[in-house]
Amino acid sequence: MVVENMGLDHIAIKVRDIERTIEFYRDVLNMEVSDRIGDRVAFLRTPSVAAESQHHEMNITQMSEAELETLEERGERELDLHDFEEDLPADGPPMLPTTGPIYHIAFEVPDYDAIKAAEEGLKERGHPIYRGPGRHGPGNNIFLYFPDPDGYPIELTADMEDAPEVGGRPARQWPQEPETWNVWGNSAELKDQ
Ligand SMILES: [Fe+2]
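Presented here is a report on the structure given in the accompanying data block. (Residues numbered from 1 in each chain as written. Predicted model: local features only at pLDDT ≥ 70, side-chain atom pairs only at ≥ 80, totals over all residues. Heavy atoms only, no water.)

## As for the side chain of threonine 157
Now for step 1: Topologically, threonine 157 is positioned in strand β8 (residues 153-158).
Now for step 2: Polar contacts involving the side chain of threonine 157 include one to the side chain of asparagine 141, which spans 2.9 Å.
Now for step 3: A polar atom in the side chain of threonine 157 sits 3.3 Å from the backbone oxygen of isoleucine 142.
Now for step 4: Once residues within four sequence positions are removed from consideration, threonine 157 is found in contact with Ala106, Phe107, Glu108, Val109, Ile115, Asn141 and Ile142. (Helix = DSSP H or I, 4+ residues; strand = E, 2+ residues; numbered from the N terminus. Polar contact = N/O pair within 3.5 Å; in protein donor to acceptor, adjacent residues only side chain to side chain. Contact = heavy atoms within 4.5 Å.)

## Notes on the pairing of strand β5 (residues 105-108)
Regular strands show a simple pattern: their side chains alternate between the two faces of the sheet.
Now for step 1: Going residue by residue along β5, you find Ile105 and Phe107 tucked away on one face and Ala106 and Glu108 left uncovered on the opposite face.
Now for step 2: Bridge analysis of β5 against β8 gives 4 bridges, and the strand direction is parallel. From the neighbouring strand, alanine 106 faces β8, where its bridge partner is glutamate 155. (Buried < 20%, exposed > 50% of the residue type's maximum accessible area, 1.4 Å probe, protein only. Pairing = 2+ DSSP bridges.)

## Digging into the coordination of the iron ion
Tetrahedral coordination by four donors puts the ideal angle at the metal at 109.5 degrees, and octahedral coordination by six puts it at 90 or 180 degrees.
Now for step 1: Protein-derived coordination of the iron ion comes from His104 (NE2) and Glu155 (OE), at a distance range of 2.1 to 2.2 Å. On the criterion of sequence distance, the pair formed by histidine 104 in the loop between α2 (65-73) and β5 and glutamate 155 in strand β8 is long-range, its members being 51 residues apart.
Now for step 2: A relative accessible area of 28% means that histidine 104 is categorised as partly exposed. (Donors = N, O, S within 2.8 Å, 3.2 Å for Na, K, Ca; no water.)

## Remarks on the pattern of salt bridges
Now for step 1: Going through the model one piece at a time under the given rule, you end up with 11 salt bridges.
Now for step 2: Ionic pairing is found between glutamate 19 and arginine 36, a salt bridge with its closest N-O pair at 2.8 Å. One end of the pair, glutamate 19, is in helix α1 (residues 18-27); the other, arginine 36, is in strand β2 (residues 32-37), and 17 residues separate them in sequence.
Now for step 3: Looking at arginine 36, the relative accessible area reads 35%, which means it is partly exposed.
Now for step 4: In this structure, glutamate 119 and lysine 123 form a salt bridge, with 3.4 Å as the shortest nitrogen-oxygen distance. Highlighted residues: glutamate 119 and lysine 123, both in helix α3 (residues 112-125), separated by 4 residues, approximately one helical turn.
Now for step 5: Residue class for glutamate 119 comes out buried when judged on its relative accessible area of 7%.
Now for step 6: Taken together, the shared-partner salt bridges in this structure form one network comprising Lys116, Glu119 and Lys123. (Salt bridge = Lys/Arg side-chain N within 4 Å of Asp/Glu carboxyl O.)

In short, geometric facts, not functional conclusions.
Okay, structure coming up:
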């Protein structure tokens, strides 16, 4: 062992418009600003529902003008988050539309009802939903995927399998098939699970 790793603590992302991003994480994901540095950095925490709350789980940094120009040259300065929706196959792996290296950022919610409530709330806002609700094979966790304002996919997750240090089971090898990613298949059939 090189690092006495105690768990994932926070993630830092660069964004096109820090104020728009703060508003999104506050209004949709119930996060609050803990601190700011100047007008280009903000620290966000989940204050009310987290089992243990700490100063920040996210660090949001405004992209520089040079970075925004690079996006402009690539035609990615403005995003239409709905662009990807119709390209998503009905089943298959949850290949999420992201142009960057971050595939998704997952937040824990209490249960399936919370995921359904989030789905309804997002629909009311006209916000795109990329995938779910469904249940992954590995981890057995329920999921819902949608993008943040920069297109970073957000996952809401609940019910993830525990993995105790003592008494845990050996790692399994899952087949490369749609049911591995979503054991529920068509989520419309699944309300009571
Ligand atoms: Fe995930």
